[in-house]
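# Structural characterization, general
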Amino acid sequence: MKKSSLHLPLASAALALLLMSAENVRADDAPAGAAEKIAAALPAEAYAKPAKPRKLLIFSKTNGYHHGSIATGKLAFTELGKKTGAFEAVVSDDLSNFEASKIGQFDAIMFLSTTMDPFGPSEAESKTMTDDQKKEALEKEEPLRKSLMAFIKSGKGFIGIHAATDTFYNWPEYGDMIGAYFDAHPWTSDKQVSIKVEPGQEKNPLVAMFDGKSVEFKEEIYQFKAPYDSSKVHMLLRLDPAKSDMNVQNIHRTDSDFGVAWAKHYEKGRVFYCSIGHNDDMYWNPTILRHYLAGIQWAIGDFKVKTDK
Ligand SMILES: [Zn+2]
């Protein structure tokens, strides 16, 4: 055997590692200038004074598509909590935070663009697993699922941002809790869309920052499938079909019902979901940041807002 052939596998392994870490650095870094833009856009104060110091877990593990904007979101939510004093953000993908003995330290949990089954083995890992190993993995996941659901039902908060509805298709109770599953994004991130406040909700404190006006920007907007039922949630924002491009692909719905943000109760818990958050600049849009803050404080339980569903 020649010397070079001995070294080749090692060299390519090192190269692969180098490429992987370069990729990780990219995925974990917000774009240049993001911190300054976020700082300039943050609201000065909280909507409500926290009843006690609040802790928000920001969980963004992906098991499918990984949004580059997760890094920007982590930064924006961390700074939002710091500047307003509304909460302390704990940014972590450590699954042990969901264990029954640890989850109680949080007041609310945010799923920031999580995808697929973030508690389970990756798709690549699953491919090499035997049926017994898959069963074992699911058994390991079960206590975490139970403890997350018990946490919410007991009166805590859950906040879903963007791909949080592209998550846990294999867990119907999660779909019921968040209120929808993703069904394609007919409006891709480069499409100009118009988002309107749900008629009648103009004065609702969770959307009052829009002053009853629509916002227009380029953003990826989702379409939802069952268990989505806009009559069963407290709808806050919608895509305005009259002012958005409807000649886009993959529109499956015939009822023009494209909810964007809603609030809902899940037993004693409060669930706030907003599908905005694909593009980085959403995290330095002053109106969207205010909307996120109001939703987070409502889910935590400090911002008392009448929500009937
Ligand atoms: Zn997206």
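Everything numeric here is computed off the predicted structure, so don't read it as measured data.

## Concerning the packing of helix H3 (residues 70-84) against helix H8 (residues 286-300)
- One way to put it is that H3 packs onto H8 with a least axis distance of 11 Å and a crossing angle of 70°. It follows that H3 is roughly perpendicular to H8 by the angle criterion. From H3, Ala-76, Leu-80 and Thr-84 reach across to H8, where they touch Leu-289, Tyr-292 and Leu-293.
- Of the residues assigned to the contact of H3 with H8, the class counts are five nonpolar, one polar and no charged.

## Remarks on the nonpolar core
- One finds Leu-56, Ala-108, Met-110, Val-260, Phe-272, Ile-296 and Ala-299 to be the most contacted residues of the largest nonpolar core, which totals 75 residues.
- In terms of residues, this core owes the most to one element, H8, which gives nine residues.
- Ignoring any residue separated from it by four or fewer positions in sequence, one finds Phe-272 in contact with Ile-159, Ala-263, Gly-295, Ile-296, Trp-298 and Ala-299.

## Looking at the pairing of strand E6 (residues 192-197)
- Relative to strand E7 (residues 215-218), E6 runs antiparallel, the two sharing four bridges. Looking at the pairing, Gln-192 lines up with Lys-218 of E7.
- For E6 and strand E9 (residues 234-239), the ladder comprises three bridges, and the chain directions are antiparallel. Paired with Lys-196 across the bridge in E9 is Arg-238.

## Some thoughts on the sheet that holds strand E4 (residues 157-161)
- Pairing within the open sheet is mixed, and its nine strands lie in the order E2-E1-E3-E4-E11-E10-E9-E6-E7. Each edge of the open sheet carries a strand with a single partner, namely strand E2 (88-91) and E7. For this sheet, the mean inter-axis angle between neighbouring strands, taken without regard to orientation, is 20°.
- Pairing of E4 with strand E11 (residues 269-274) involves five bridges; the strand directions are parallel. Pairing of Gly-157 across the sheet is with Arg-270, part of E11.
- Here H3 sits on the sheet in contact with strand E1 (55-59), E2, strand E3 (108-112) and E4, set at roughly 155° to E2.

Thresholds, definitions, all that
- Residues numbered from 1 in each chain as written.
- Predicted model: local features only at pLDDT ≥ 70, side-chain atom pairs only at ≥ 80, totals over all residues.
- Axes fitted to C-alpha atoms, helices over the stretch in contact; angles between N-to-C directions.
- Helix = DSSP H or I, 4+ residues; strand = E, 2+ residues; numbered from the N terminus.
- Parallel < 35°, antiparallel > 145°, perpendicular 65-115°, else oblique.
- Contact = placed C-beta atoms within 7 Å.
- Nonpolar A, V, L, I, M, F, W, Y, C, P; charged D, E, K, R; others polar.
- Core = buried A, V, L, I, M, F, W, Y, C linked by C-beta atoms within 7 Å.
- Buried ≥ 20, exposed ≤ 12 C-beta atoms within 10 Å, placed from the backbone.
- Pairing = 2+ DSSP bridges.

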